[in-house]
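Spelled out, the chains give:
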Amino acid sequence: MPRLTVVISQGQSANPAKRKLEEDLVSELLFEKGVEVTVIPHLYDLDPNGTGMLCLQGISGDMVVMSWLFPRAAHWILDRQGIKGLIGPSLLKAAGEEDESDDADDAAGEDQDSAAADEASLPAVEKQRVGQRNVPKRSIYCLDLRAYTTPATFVEEVRRIVKEAAVKTVDLLGWIGGAPQPEQLQQYLHPIKNTSMPAPAEIQAHSAVPHGTAPDADNSAASDPAAQRIQETTNRRWYPVIDYTRCTNCLECIDFCLFGVYGIDKQETILIEQPDNCRKGCPACSRVCPENAIIFPQHKSPGIAGGNEVAGSLKIDLSLLFAGAATSGESAVDLAVKERDEQLLLAGRDAVGATIGMPKRQADKSDGPKDDLDNLMDQLDALDL
């Protein structure tokens, strides 16, 4: 039977409470049937060519990733490194999920109600998203370790995922002689030594063998279980990741960023080309993204760090989602311009204000009738000089 790999991404600091939760999870999950455990340094800080990332890239089946990050952030960090999979649905809430939702509703207030009314009066226009590409038929479940302080809830969710994965495998590949009887399925999910019913040949042949799977279940059960621990020296990093299920490839980020972080691939799709060119602590490009598709996983604001705030479906001011903008009275774009100028000055360059990289945001066009100058400019544009 395929084994589910549970990856535990350690916190950046040696906080005793965090370390205790991580080690308690390792201890309990090692004795769960159908589960193997891998411990890595903090997911966000891994070197793209280091042992930690190579280990993750070697996992071919379904996996659960537990980290001190929002699930959306963790998923897109993995995707960026070619560790792709469907977004596995979890029954667990991310850290502060209910509070964030309530705060966002309170902050938006009447603006959201008004926007919803305006939206209802307009024809629905579905934006074209980039979406996930080249996704294998496996699921990646990302769980936020900040959500609970004890391992029990996480372990119960892993048990649910193990059962879900086994049922999915049976449904996908079929069962010899028809659908399995309930007792057969239970034997498959919870095999007993020497009397367990082996998986059908088709399932054995097609099931991906996850990293580190023991070739013989009986032999692996006879030895003491142990987690695979990846040792890698890491440094704290700061770079953006893109949520392609939100991204519309508008390229506003590449126009706005003046540090060479962004690029485009052969399909002319935005990508993070030089992540380590990013200026530590600067989330400015995330603030100007109209779809809230750019994530800085370590930022203090959930709206930037990968929380599940809805963006793009309502015409609301995204500054309400970002720390600092609402309290300072500045819009998200104004704050982004200030942050970018600060980083340019620190890098020994000139501040540029809103004069560069913001053509779409600078054009405050009047809704009134055009004057003679407007008409003259239209005529010049038509000449295509």
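Shown above is the structure to which this text applies.
Residues numbered from 1 in each chain as written. Predicted model: local features only at pLDDT ≥ 70, side-chain atom pairs only at ≥ 80, totals over all residues. Heavy atoms only, no water.

### Section: the sheet that holds strand β6 (residues 228-229)
Inference 1: Across the sheet, 6 strands lie side by side as β4-β5-β3-β1-β2-β6; this open sheet has parallel pairing. Only two strands of the sheet have a single neighbouring strand rather than two, namely β4 (86-87) and β6.
Inference 2: Pairing geometry for strand β3 (residues 63-67) and strand β5 (residues 139-144), over 5 bridges, is parallel. When the bridges of β5 are listed, V64 appears paired with Y141. (Pairing = 2+ DSSP bridges. Helix = DSSP H or I, 4+ residues; strand = E, 2+ residues; numbered from the N terminus.)

### Side note on the pattern of salt bridges
Inference 1: For the coordinates displayed, the defined rule picks out 17 salt bridges.
Inference 2: E36 is paired through a salt bridge with R3; the nearest N and O atoms lie 4.0 Å apart. In this pair, E36 is assigned in strand β2 (residues 35-40) and R3 in the segment before β1 (4-9), connecting sequence segments 33 residues apart.
Inference 3: We classify E36 as buried; its relative accessible area is 11%.
Inference 4: Look at R3 and you get partly exposed, because its relative accessible area is 26%.
Inference 5: Between E156 and R159 there is a salt bridge; the shortest N-O distance is 3.1 Å. (Salt bridge = Lys/Arg side-chain N within 4 Å of Asp/Glu carboxyl O. Buried < 20%, exposed > 50% of the residue type's maximum accessible area, 1.4 Å probe, protein only.)

### Comments concerning the nonpolar core
The nonpolar side chains of a soluble globular protein tend to be buried with one another.
Inference 1: Within the largest apolar cluster, 55 residues are counted, with the highest numbers of intra-cluster contacts made by L43, L56, V65, L78, F256 and Y262.
Inference 2: No other element matches helix α3 (residues 71-80), which puts 5 residues into this core.
Inference 3: In terms of nonpolar packing, the next biggest core, distinct from the first, is built from 24 residues, L21, V35, L143 and A227 among them. (Core = buried A, V, L, I, M, F, W, Y, C linked by side-chain atoms within 4.5 Å.)

### Remarks on the side chain of Q343
Inference 1: If you trace the backbone, Q343 turns up in helix α14 (residues 332-346).
Inference 2: A distance of 3.1 Å separates a polar atom in the side chain of Q343 from a polar atom in the side chain of R279.
Inference 3: Here Q343 is in contact with F259, R279, K280 and C282, once residues within four sequence places are set aside. (Polar contact = N/O pair within 3.5 Å; in protein donor to acceptor, adjacent residues only side chain to side chain. Contact = heavy atoms within 4.5 Å.)

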